[in-house]
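The lines below spell out each chain.
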Amino acid sequence: MVSQLRVYVPEHPLVKHWLAIARDENTPTVLFKTAMTELGRWLTYEAARHWLPTLDTTVKTPLAECPATLVDPRVPIAIVPILRAGLALLDGAQTLLPLSSIYHLGLARNEETLEASCYLNKLPESFAPETRVLILEPMLATGGSILSALGEITARGADPSLIRVISIVAAPPALQKLSEKYPALNIYTAIIDEGLNSKGYIVPGLGDAGDRAFGT
Ligand code: URA
């Protein structure tokens, strides 16, 4: 079977609500950060469906024994926030996946060439087989940062079909490159926008996600 990039845009009122708050240019930093946390939470909730490995077991209630399903603690879960902006999604993702390991990846975009360069890499030497990897990258614009991140992550043994990308706004140029290079990937985003301006910003987008989340 030939795999094809899957891009999920959950039809959920809370996702739409927090996206509207994040997009609004009048939203102050503290509320923008709340919006990112909430979007990180709801998109991670959607991504966890059919992705988190479970374990069938039984539990004893005060009245009787019954079948039960747990998240399988033997399978590692890795969260990779792409600095800076990806950090804004971390609180929401981490509350749902409290046993995950966090591996920071710092990628800076050269504003002239739009190429990404790595200034911090806390990835492990290799990922154990079956590791679930959740990448947090709010803006999928040109695709430069996410492709660099995926290169580093898959070079360490992660299986693209077990990787989920959480983004807030995705644009066609990034999605096109991802579908060519990583067809087995699954992306969860609040919206797909029209395209990019001449500076590589998503339009209408929400501006610079890192600047808006940290106010600097
Ligand atoms: N990075 C951002 O923060 N915003 C964009 O629109 C594109 C890349």
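Residues numbered from 1 in each chain as written. Predicted model: local features only at pLDDT ≥ 70, side-chain atom pairs only at ≥ 80, totals over all residues. Heavy atoms only, no water.

**Q** Which parts of the structure should I look at to understand the confidence of the model for the protein chain?
**A** Predicted coordinates in areas of low pLDDT are best not read in detail. The share of residues in the protein chain with pLDDT of 70 or more is 100%, and the mean pLDDT across the chain is 96. Both confidence scores are given for the complex: pTM 0.96, ipTM 0.96. (pLDDT = per-residue confidence, 0-100.)

**Q** In this structure, what is going on with the site of the ligand? I would like to understand it.
**A** The local shell around the ligand consists of Arg109, Met139, Ala141, Gly200, Tyr201, Ile202, Gly207, Asp208 and Ala209. For the ligand, the protein covers 88% of the area, taking 240 Å² as the surface of the free molecule. More than half of the atoms of the ligand fall within 2 Å of the grid points belonging to the largest pocket. A per-class count over the shell around the ligand returns 5 nonpolar, 2 polar and 2 charged. (Near = heavy atom within 4 Å. Areas by Shrake-Rupley, 256 points an atom, 1.4 Å probe, with all protein chains shown as cover. 1 Å grid on protein atoms, 1.4 Å probe; cavity = no way out; pocket = protein on both sides within 12 Å on 5 of 7 lines; lining within 4 Å. Sits in = over half its atoms within 2 Å of the grid points. Nonpolar A, V, L, I, M, F, W, Y, C, P; charged D, E, K, R; others polar.)

**Q** Sorry, what's going on with the environment of leucine 43 here?
**A** Examined against the element boundaries, leucine 43 turns out to sit in helix 2 (residues 29-48). Given the relative accessible area of 0%, leucine 43 is considered buried. For the pair leucine 43 and serine 117, spaced 74 residues apart in the sequence, the C-alpha separation amounts to 27 Å. Residues within four places of leucine 43 in sequence aside, it is in contact with Pro10, Ile166, Ser167, Ile168, Tyr188, Thr189 and Ala190. (Helix = DSSP H or I, 4+ residues; strand = E, 2+ residues; numbered from the N terminus. Buried < 20%, exposed > 50% of the residue type's maximum accessible area, 1.4 Å probe, protein only. Contact = heavy atoms within 4.5 Å.)

**Q** Is there a simple way to explain the nonpolar core in this structure?
**A** Generally speaking, a soluble globular protein has its nonpolar side chains buried in company with each other. Leu134, Leu136, Ile166, Ile168 and Leu206 are the most contacted members of the largest nonpolar core, which has 35 residues in total. Of all the secondary-structure elements, those providing two or more residues to this core are helix 1 (13-23), helix 2, strand 4 (77-83), helix 3 (90-96), strand 8 (132-136), strand 10 (163-170), strand 11 (186-192) and helix 6 (209-214). The biggest single contributor to this core is helix 2, with 7 residues. Formed by 26 residues, the second largest nonpolar core is a distinct cluster that contains Leu123, Ala174, Tyr182 and Leu185. (Core = buried A, V, L, I, M, F, W, Y, C linked by side-chain atoms within 4.5 Å.)

**Q** Is there a simple way to think about the environment of glycine 86 in this case?
**A** Summarising the element assignment, glycine 86 is placed in the loop between strand 4 and helix 3. The exposure class assigned to glycine 86 is buried, which follows from its relative accessible area of 0%. Once the C-alpha coordinates of glycine 86 and leucine 140 are considered, the two residues, 54 residues apart in sequence, prove to be 11 Å apart. In this structure, glycine 86 is in contact with Pro81, Leu136 and Pro138, ignoring residues within four places of it in sequence.

**Q** Quick question: what am I supposed to make of the side chain of threonine 189 here?
**A** For threonine 189, the position within the fold is in strand 11. Judged by relative accessible area, threonine 189 falls into the buried class, the value being 0%. Polar contacts involving the side chain of threonine 189 include one to the main-chain carbonyl oxygen of isoleucine 168, which spans 3.1 Å. Not counting residues within four places of it along the chain, the set of residues in contact with threonine 189 comprises Val7, Tyr8, Val9, Pro10, Leu43, Ser167, Ile168, Val169 and Ala170. (Polar contact = N/O pair within 3.5 Å; in protein donor to acceptor, adjacent residues only side chain to side chain.)

**Q** Which parts of the structure should I look at to understand the packing of helix 4 (residues 144-155) against helix 5 (residues 172-181)?
**A** Helix-helix packing: each pair is described by the crossing angle between the helix axes and the interaxial distance. One can describe the packing of helix 4 onto helix 5 by two numbers: an axis separation of 9 Å at closest approach and a directional angle of 25°. Viewed along their axes, helix 4 and helix 5 adopt a mutual orientation that is roughly parallel. Remark: the crossing between helix 4 and helix 5 carries right-handed chirality. Side by side, helix 4 and helix 5 meet where Ile146, Leu147 and Leu150 of the first sit next to Lys177, Leu178 and Lys181 of the second. Within the contact of helix 4 with helix 5, the residues separate by chemical class into 4 nonpolar, no polar and 2 charged. (Axes fitted to C-alpha atoms, helices over the stretch in contact; angles between N-to-C directions. Parallel < 35°, antiparallel > 145°, perpendicular 65-115°, else oblique. Left-handed = near helix turned anticlockwise from the far one by under 90°.)

**Q** Any chance you could explain the packing of helix 1 against helix 2 here in plain terms?
**A** Relative to each other, helix 1 and helix 2 sit at 150°, their axes nearing to 9 Å. Taken together, the axis directions place helix 1 and helix 2 in an arrangement best described as roughly antiparallel. Between helix 1 and helix 2 the crossing geometry is left-handed. Between helix 1 and helix 2, the residues in contact are Leu14, Val15, Trp18, Leu19, Ile21 and Ala22 and Leu31, Phe32, Thr34, Ala35, Glu38, Leu39 and Trp42, respectively. For the contact of helix 1 with helix 2, the residue count by class is 11 nonpolar, 1 polar and 1 charged.

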